[in-house]
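Now for the letters of each chain:
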Amino acid sequence: QFALFLAACLCVGALARRLGASRPMSLLAAANFAVHWTVVRVYLDAFADLAAGLFGAALALALLAACGKKAWREAASAGFLGGCALSAKTAAAGVAVAPAALFLLLPRAWSPGGSRAAAASRALFSLLIFGAAAGLAFAPWPIRNAMWTGNPAAPFMNAWFGADAWMLSTERFWLGM
């Protein structure tokens, strides 16, 4: 838990530096992250949220490093980090993975110069690589869920895959929060 916390702080500092902040301001950003009440609360209670935050910040850092590049490696590394964030917390789908996919798709699809068809093709290729890498990183969890419960989306989608009363009440609890 402490290692996740330190890594997340370092990643926030690196993000600030990558976005153009000076070294003292990057340290201040990392320190602000470290003492913010939501981070402290997560650090003391639920390790999965901190892991998702770490992988989400690393994903953002990877995307910033990929700006202006057309290589598939950046899309693959960003996808892998997105899949890791999704593995830690499924809510990362909406706050890290989907925005990252849009970040990869939109600027490349409408980039100046060259043909639109070639730019759109590069954008779709990057998105495909991103999705494949994210899927590979995330795949062990639905496989494990399917083996243990018969439902790859457990604790959700129990009506589709059938479940006992405990799983249905768990789903209602999580969706009701």
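Residues numbered from 1 in each chain as written. Predicted model: local features only at pLDDT ≥ 70, side-chain atom pairs only at ≥ 80, totals over all residues. Heavy atoms only, no water.

## Some remarks on the side chain of S87
Then step 1. Tracing the sequence through the fold places S87 in helix α5 (residues 72-88).
Then step 2. Polar contacts involving the side chain of S87 include one to the side chain of W141, which spans 3.2 Å. (Helix = DSSP H or I, 4+ residues; strand = E, 2+ residues; numbered from the N terminus. Polar contact = N/O pair within 3.5 Å; in protein donor to acceptor, adjacent residues only side chain to side chain.)

## Examining the packing of helix α7 (residues 116-138) against helix α8 (residues 140-149)
Then step 1. Following both chains from N to C, one finds α7 and α8 inclined at 40°, their axes separated by 5 Å at the closest point. In terms of orientation, α7 lies oblique with respect to α8. Contacts between α7 and α8 pair L136, A137 and F138 from the former with P140, W141 and P142 from the latter.
Then step 2. Across the contact of α7 with α8, the residue classes break down as 6 nonpolar, no polar and no charged. (Axes fitted to C-alpha atoms, helices over the stretch in contact; angles between N-to-C directions. Parallel < 35°, antiparallel > 145°, perpendicular 65-115°, else oblique. Contact = heavy atoms within 4.5 Å. Nonpolar A, V, L, I, M, F, W, Y, C, P; charged D, E, K, R; others polar.)

## What to know about the packing of aromatic side chains
Then step 1. Evaluated as defined, the whole model comprises 1 aromatic pair.
Then step 2. Centre to centre, the rings of F2 and F5 are 6.3 Å apart; their planes meet at 35°, and the pair counts as tilted. Here F5 and F2 lie together in helix α1 (residues 2-18), a separation of 3 residues that amounts to about one turn.
Then step 3. For F2, a relative accessible area of 48% puts it in the partly exposed group.
Then step 4. With a relative accessible area of 11%, F5 lands in the buried category. (Phe/Tyr/Trp six-rings, centres within 6.5 Å; stacked < 30°, edge-to-face > 60°. Buried < 20%, exposed > 50% of the residue type's maximum accessible area, 1.4 Å probe, protein only.)

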